[in-house]
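# Fold and contact review
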Amino acid sequence: MYENENPVFDNVDAYLEERLTPPDETLELTLNRQDEAGLPPMAVSPLQGAFLNILAKSVGARRILELGTFAGYSTIWLARALPEGGKVITLELQDVNADLSQRNFDDAGLADRIEIRRGPAEKSLNILINDGVKPFDFIFLDADKIRYPTYLDQILMLSRPGTLIIADNVIRNGRILDDSGKDPSIRGVRTFLDMLKDHPQLDCTALQTMGCKGYDGFAMMYVR
Ligand code: DHB
Ligand code: MG
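Attention in this report is confined to the structure presented alongside it. Keep in mind the model is a prediction, meaning the values are calculated, not measured. (Residues numbered from 1 in each chain as written. Chains lettered and ligands numbered in written order. Predicted model: local features only at pLDDT ≥ 70, side-chain atom pairs only at ≥ 80, totals over all residues. Heavy atoms only, no water.)

## A closer look at the coordination of the magnesium ion (ligand 2)
- Coordination of the magnesium ion (ligand 2) by the protein involves Asp142 (OD), Asp168 (OD) and Asn169 (OD1), with metal-donor separations of 2.0 to 2.1 Å.
- Expressed as a motif, the donor residue spacing for the magnesium ion (ligand 2) is D-x25-D-N.
- Classification of Asp168 by relative accessible area gives buried; the value is 5%. (Donors = N, O, S within 2.8 Å, 3.2 Å for Na, K, Ca; no water. Buried < 20%, exposed > 50% of the residue type's maximum accessible area, 1.4 Å probe, protein only.)

Structure follows, in structure tokens:
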């Protein structure tokens, strides 16, 4: 799925992982269960998980929102960034993924700080908005790419000045340059990136990433 043409990218990831991300039974168990369940390796890489963790800590995040739990790998990295009393709300469409993630959170001893909300993220976000919840400090957007534009409008309603938003998978092995409109996921991410152009509320950048997850990237948005 993530075959890099040049093995140096995988090798460098392995080299850096060995030095920078210590072996971690909880995270390994989560990835093993993801494989055993026959799920594709869509979780962020260990180095990317550590990146999200450091960002969340750097902004002092107490309230984190994640769109797209999947098997809970990135959720665990995010939950570990929280201070005492902090919370991650993570949104997941698929019950099988949510069940697997809940097991992972229970076994990780993180169940008290992670809340999974099941069903379409769009719906869960509307509930959060209508409930008038406190704004989130850090938001990780990693749900279905087709709806990134809708999610952006919604997560801005759940943000405050200073909220940091990270969106995964904005490069897709360079397929982001495909303007044919044929691939709905690419179309979704392109529309999302168009919305960022001259956005009145957001300072934006994007980082291209290369490693064991292939060639992809993060968009990064700071709410003014
Ligand atoms: C896919 C989704 C992801 O969130 C990801 O990080 C990699 C791949 C996908 O839908 O293929
Ligand atoms: Mg992703």
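From this point on, the discussion continues.
## Digging into helix H2 (residues 25-36)
- For H2, spanning twelve residues, the distance from its first C-alpha to its last is 16 Å, which sits close to the expected 16 Å at 1.5 Å a residue.
- For H2, the complete set of buried residues consists of Leu27, Thr30, Arg33 and Gln34. All buried residues of H2 fall inside an arc of 125° around its axis, so they share one side. Those residues of H2 that are exposed and aimed more than 90 degrees away from the buried face are Glu25 and Glu36.
- Contacts from the buried residues of H2 go to helix H4 (73-79) and helix H5 (95-107).
- A distance of 3.1 Å separates the backbone nitrogen of Thr26 from a side-chain oxygen at the start of H2, and that oxygen is part of Asp24. (Helix = DSSP H or I, 4+ residues; strand = E, 2+ residues; numbered from the N terminus. Expected span 1.5 Å × (residues − 1). Arc of directions from axis to C-beta. Contact = heavy atoms within 4.5 Å. Polar contact = N/O pair within 3.5 Å; in protein donor to acceptor, adjacent residues only side chain to side chain.)

## Concerning helix H8 (residues 184-196)
- Taking 1.5 Å as the rise per residue, H8 with 13 residues should run 18 Å; its terminal C-alpha atoms sit 19 Å apart, in good agreement.
- Along H8, the positions that sit buried rather than exposed are Ile186, Gly188, Val189, Phe192 and Leu196. The buried residues of H8 occupy one face: seen down the axis, they fall within an arc of 160°.
- On its buried face, H8 sits against strand E4 (138-141), helix H7 (148-156), strand E5 (164-167), strand E6 (202-211) and strand E7 (214-223).
- One side-chain oxygen at the N-terminal end of H8 lies 2.8 Å from the backbone nitrogen of Ser185; it belongs to Asp183.
- Of the residues trailing H8, Asp198 is marked for its positive phi of about 55°.

Honestly, it's all geometry; don't read function into it.
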